[in-house]
Amino acid sequence: LALGETLNRLDKYDEAAREFGRTLELTDNSDLRAEALYNLGTTLLAAGKPDEAVAKLQDSLAQDPDQPDALVNLEQALKLLKQKQQQQKQDQKQDQKQDQKQDQKQDQKQQQDQQKQDQQQQDQKDQQQQDKKQDQKKAQQDQQDQDQEQPEQNLQNEQKSDPSSEELDKEHALQILKALNSD
């Protein structure tokens, strides 16, 4: 027990706990076991392990209920255990809130990405419709141009094939004038 107590005072809690455990293995004396359990519980409490400390201090009090220091340390261990559990709950809640915020951010990003994708698709459709309208307008313009050229071509073709066209009329007119002048 003395070595364990010395290690405990030197803040070498793991080594002290091993020594107290060895004492428990080697003795059947209930007073020594109660003291070893008390020292082990106190060491675990100092090491920041209130859940293990509570169990050892309760075992110590079960062997020797007349230990006021063990009761005080048990009370302290229970308070620390309760605080630790509350802190864990708070940490868990905070983690959940952070997870929710992260999920919300991811959802927002997905929505934004989807909206962007939808907008791009709509822009493509709009561009295709605009291109189609322009193609239709161009086709109509080409048709109108062709319709305007057709009568001109027909007129030119008629003039070429028709002997009564304007050029022939001039020739005819000259012949007529010659004939008139010679009379």
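Note that the structure is a prediction, hence the values are computed from the model and not measured.

Bringing the overall build of the protein into the picture now. Counting its secondary structure elements, the protein contains six helices and zero strands. Residue burial in the protein is summarised as follows: out of 183 residues, 18% are buried. Across the protein, every contact between residues at least 6 apart in sequence was considered, and the portion connecting residues at least 24 apart equals 44%. If you sum the accessible surface of the protein, you get close to 14900 Å²; carbon and sulfur atoms cover 43% of it.

Together, Lys-89, Lys-93, Lys-97, Lys-101 and Lys-105 give the surface a local cluster of positive charge. Note on Lys-93: relative accessible area 56%, which makes it exposed.

Here we come to the pattern of salt bridges. In this structure the tally under the stated criterion is five salt bridges. For Asp-113, the salt bridge goes to Lys-109, with nearest N and O atoms at 3.3 Å. Taken together, the positions of Asp-113 and Lys-109, both in helix H5 (residues 68-161) and four residues apart, correspond to about one turn of that helix. A residue is classified by how much of its surface remains accessible, and Asp-113, at 39% relative accessible area, is partly exposed. Here Lys-138 and Asp-142 are joined by a salt bridge, their closest N and O atoms 3.5 Å apart. Of this pair, Lys-138 and Asp-142 both sit in helix H5, separated by four residues, roughly a single helical turn. Overall, Asp-142 belongs to the partly exposed group, its relative accessible area being 40%.

Here we come to the packing of helix H1 (residues 2-9) against helix H2 (residues 13-26). For any two helices packed against each other, the geometry comes down to the angle between their axes and how far apart the axes lie. In the contact formed by H1 and H2, the axes pass within 8 Å of each other and the chain directions differ by 165°. With respect to their mutual orientation, H1 and H2 come out roughly antiparallel. You can see that H1 and H2 cross each other, and the crossing is left-handed. From H1, Leu-3, Gly-4, Glu-5, Leu-7 and Asn-8 reach across to H2, where they touch Tyr-13, Glu-15, Ala-16, Glu-19 and Phe-20.

Moving on: helix H3 (residues 30-46). Here H3 spans 24 Å end to end across 17 residues, near enough to the 24 Å set by a 1.5 Å rise per residue. Of the residues making up H3, those classed as buried are Ala-34, Ala-36, Leu-37, Tyr-38, Asn-39, Leu-40, Gly-41, Thr-43, Leu-44 and Leu-45. Capping the start of H3 is the job of one residue whose side-chain oxygen sits 2.8 Å from the backbone nitrogen of Asp-31: Asn-29. Gly-48, located one to two residues past H3, shows a positive phi value of around 80°.

Backbone geometry places Asp-11, a non-glycine residue, at a positive phi of 60°. You can see Asp-11 is positioned in the loop between H1 and H2.

Counting residues in hydrophobic clusters, the biggest one holds 19 residues, and the most contacted among them are Leu-24, Leu-40, Ala-53, Val-54, Leu-57, Leu-74 and Ala-77. Elements that contribute at least two residues to this core include exactly H2, H3, helix H4 (50-63) and H5. Per-element accounting of this core gives the leading share, six residues, to H3. Setting aside anything within four residues of it in sequence, one finds Ala-77 in contact with Leu-45, Pro-50, Ala-53, Val-54 and Leu-57.

With that out of the way, let us pick up the packing of H2 against H3. H3 packs onto H2 with a crossing angle of 160° between their chain directions and a minimal axis gap of 9 Å. Here H2 lies roughly antiparallel to H3, going by the angle between them. Relative to H3, H2 is oriented so that their crossing is left-handed. Here Tyr-13, Ala-16, Ala-17, Phe-20, Thr-23 and Leu-24 of H2 come into contact with H3, specifically with Arg-33, Ala-36, Leu-37, Asn-39, Leu-40, Thr-43 and Ala-46. Looking at the contact of H2 with H3, its residues break down into nine nonpolar, three polar and one charged.

Analysis parameters
Residues numbered from 1 in each chain as written. Predicted model: local features only at pLDDT ≥ 70, side-chain atom pairs only at ≥ 80, totals over all residues. Heavy atoms only, no water. Helix = DSSP H or I, 4+ residues; strand = E, 2+ residues; numbered from the N terminus. Buried < 20%, exposed > 50% of the residue type's maximum accessible area, 1.4 Å probe, protein only. Contact = heavy atoms within 4.5 Å. Areas by Shrake-Rupley, 256 points an atom, 1.4 Å probe, with all protein chains shown as cover. Patch = residues over 30% accessible without salt bridge, like charges linked within 9 Å, V, L, I, M, F, W, Y side chains within 5 Å. Salt bridge = Lys/Arg side-chain N within 4 Å of Asp/Glu carboxyl O. Lys, Arg positive; Asp, Glu negative; His and termini not counted. Charge placed at Lys NZ, Arg CZ, Asp CG, Glu CD. Axes fitted to C-alpha atoms, helices over the stretch in contact; angles between N-to-C directions. Parallel < 35°, antiparallel > 145°, perpendicular 65-115°, else oblique. Left-handed = near helix turned anticlockwise from the far one by under 90°. Expected span 1.5 Å × (residues − 1). Polar contact = N/O pair within 3.5 Å; in protein donor to acceptor, adjacent residues only side chain to side chain. Core = buried A, V, L, I, M, F, W, Y, C linked by side-chain atoms within 4.5 Å. Nonpolar A, V, L, I, M, F, W, Y, C, P; charged D, E, K, R; others polar.

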